[in-house]
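Architecture and fold: a report
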Amino acid sequence: MKALKVGLLGIGTVGSGVFTVLTRNQEEIVRRTGRGIEISMVADLDTARASAVVGNAAAVVSDARAVIANPEIDVVIELIGGYGIAKALVLEAIAAGKHVVTANKALLAVHGDEIFSAAAKARNGAGVMVLFEAAVAGGIPIIKTLREGLTANRIQWVAGIINGTTNFILSEMRDKGQDFATALKAAQGLGYAETDPTFDIEGVDAAHKVTLMSAMAFGIPVQFDKAYVEGITKLGAEDIKYAEQLGYRIKLLGIAKRVESGIELRVHPTLIPTKRLIANVEGAMNAVMVQGDAVGTTLYYGKGAGSEPTASAVVADLVDIARMTGNASQATPALAFQPSSVSALPILPIEQVVTSFYLRMRVADEAGVLAKVTGILAEQGISIDAVIQKEAKDGENQTDLIILTHDCVEGKVGMALRQVEALSSVLGSVVKIRKEELA
Ligand code: HSE
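The notes below deal with the structure included here. (Residues numbered from 1 in each chain as written. Predicted model: local features only at pLDDT ≥ 70, side-chain atom pairs only at ≥ 80, totals over all residues. Heavy atoms only, no water.)

**As for the pattern of salt bridges**
Once the charged atoms of two side chains with opposite charge are near each other, the side chains can pair. For the structure on display, the rule yields 24 salt bridges. A salt bridge links Arg362 to Asp400; its shortest N-O distance comes to 3.1 Å. Remark: Asp400 occurs in strand β15 (residues 398-405) and Arg362 occurs in strand β13 (residues 354-364); sequence separation between them is 38 residues. Among the residues examined, Arg362 registers a relative accessible area of 26% and is labelled partly exposed. Look at the salt bridges and you will find they share partners, linking Arg174, Asp175, Glu244, Arg249, Lys251 and Glu282 into a network. (Salt bridge = Lys/Arg side-chain N within 4 Å of Asp/Glu carboxyl O. Helix = DSSP H or I, 4+ residues; strand = E, 2+ residues; numbered from the N terminus. Buried < 20%, exposed > 50% of the residue type's maximum accessible area, 1.4 Å probe, protein only.)

In structure tokens form, the structure reads like this:
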């Protein structure tokens, strides 16, 4: 089957991430999709920057309309941002019968109804797809979750930390006692903030995102103009401290809730009990909670911005289009990969698994035990991360020895522990618990 041909409008941080991810994972993506996905044309006013990213792999032009006019192009990715030229180009791409993928939450939250309705009428009523996974919470697949994974539910509410810049600022203010301005500067330096940072700190960016989620959760039009929007600029550092003393964290939440009389759509600083998982989402990370009548409360966590996390979402949309416009047999496969591409990679026996370990043993409280145990571990190439040896209790001549290892092959640990357990100074068997940092 012919590769899906893609034209990219704007190759800044996210665009170059899309190119990199698609190139690096092309083989795996073809196994999932059943066909290639190829960025064959890129438009950017800075053609030198674009050429530096794509080399000879794609034609580079400065005129976005040349991409839209190219009959070879199946999909246009809009990564320009804003409401101006981006809106005109998206509508022109739709009119030209191209599918569109965009990360532009501002555009969709404000003009979404016009754009989706144009998309439905395109190609003489056959329609084109406008996909926007990257527009909300970056790499977290929350759009797909609302559209597909939770589709059986009557959704009651959605609440999320969906702006990394403000979450980073609040974390810095709480952790380091920094003032607002210093924390904002740091966030901008790290590249999280919007071109106009007032969109972040005044809650507008979060409101764009929660508006899109409200439409998907409740089947209502996108109505950004009806959202209540309050940012974090008036939040005092002392309130963050007092809330903490009372067992709460303050987060900028985007909330869309179904109540008897209608829908609440709001963004504002919110106290959340510290014991809630979402209260512990720190730095630029995003998290979204969705409550559905069947599933209960669910939580999705990940990077809400950045080159490759956002590219992850853009490329997922391309894969959806490739599957939906390919052969029927290449539509979303039940096990995610095309049946003809299922790999014979073996499942490893536990002895071959590499992980780190917590080891606890009861030992005689006598000289040289620790050296004997660590010597055996060293012979198997097992490196030690930490050791705790408890002092023997009064009147006892034995104690607990606890060892944390670095990553090692499980089989070697088994061999070492057999020797350790055979030592006369080791009493009973060794408790072994695997450890994963999940970093
Ligand atoms: N400015 C946004 C944020 C970027 O801080 O989360 C991703 O939409």
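Still more ground to cover, so stick around.
**Observations concerning the nonpolar core**
One finds Ile94, Ile142, Met213 and Val290 to be the most contacted residues of the largest nonpolar core, which totals 65 residues. The leading source of residues in this core is helix α11 (residues 204-218), at 9 residues. Each of domain 1 (4-138 + 308-341) and domain 2 (142-303) gives at least three residues to this core. Residues contacting Ile94, with those up to four places away along its chain left out, are Val100, Ile115, Ala118, Ala119, Ala122, Val128 and Val130. Core analysis: the next-biggest nonpolar cluster, separate from the first, contains 31 residues, Ala58, Ala311, Val314 and Ala322 among them. (Core = buried A, V, L, I, M, F, W, Y, C linked by side-chain atoms within 4.5 Å. Domains from an automatic or database assignment. Contact = heavy atoms within 4.5 Å.)

**Digging into the packing of helix α5 (residues 85-95) against helix α6 (residues 105-121)**
Relative orientation of the contacting elements α5 and α6 amounts to 15°, with a least axis distance of 10 Å. Compared by their axis directions, α5 and α6 come out roughly parallel. Read as a crossing pair, α5 and α6 show a hand that is right-handed. Only Leu107, His111, Glu114, Ile115, Ala118 and Ala119 of α6 make contact with α5, whose side of the interface consists of Ala86, Lys87, Val90, Leu91 and Ile94. Here the contact of α5 with α6 is composed, by residue class, of 8 nonpolar, 1 polar and 2 charged. (Axes fitted to C-alpha atoms, helices over the stretch in contact; angles between N-to-C directions. Parallel < 35°, antiparallel > 145°, perpendicular 65-115°, else oblique. Left-handed = near helix turned anticlockwise from the far one by under 90°. Nonpolar A, V, L, I, M, F, W, Y, C, P; charged D, E, K, R; others polar.)

**Brief notes about the layout of surface pockets**
What the second largest pocket holds in volume is close to 350 Å³. Lining the second largest pocket are 18 residues, and of these Arg32, Ser312, Val315, Ala316 and Val319 lie nearest its centre. Listed by contribution, the elements that provide at least two residues to the lining of the second largest pocket are α2 (26-33) and α13 (307-324). Looking at which element gives the most residues to the lining of the second largest pocket, the answer is α13, with 7 residues. In terms of residue class, the lining of the second largest pocket is built from 9 nonpolar, 3 polar and 6 charged. (1 Å grid on protein atoms, 1.4 Å probe; cavity = no way out; pocket = protein on both sides within 12 Å on 5 of 7 lines; lining within 4 Å. Points joined across faces, edges and corners; volume = space filled by probe spheres on them.)

**Description of α6**
Maximum bend of α6: about 90°, positioned at His111. All of the buried residues along α6 are Lys105, Ala106, Leu107, Leu108, Ala109, Gly112, Ile115 and Ala119. Residue Asn104 occupies the N-cap position of α6, its side-chain oxygen lying 3.4 Å from the main-chain nitrogen of Ala106. In the stretch just after α6, Arg123 is the one whose phi turns positive, near 50°. (Bend = angle between axes of the 7 residues up to and from the residue. Polar contact = N/O pair within 3.5 Å; in protein donor to acceptor, adjacent residues only side chain to side chain.)

**Focus on the site of the ligand**
Around the ligand sit Lys105, Asn163, Gly164, Thr165, Tyr192, Ala193, Glu194, Asp200, Asp205, Lys209, Gly304 and Ala305, and those are all the residues in its vicinity. In the model, an oxygen atom of the ligand is placed 2.7 Å from a nitrogen or oxygen of the Thr165 side chain. Between an oxygen atom of the ligand and a side-chain N or O atom of Lys209, the distance comes to 2.8 Å. In isolation the ligand offers 250 Å² of accessible surface; the protein chains occlude 91% of this area. Only α8 (164-176) and α11 provide two or more residues apiece to the shell around the ligand. Taken together, the residues of the shell around the ligand break down into 3 nonpolar, 4 polar and 5 charged. (Near = heavy atom within 4 Å. Areas by Shrake-Rupley, 256 points an atom, 1.4 Å probe, with all protein chains shown as cover.)

These figures come from the coordinates and say nothing about function on their own.
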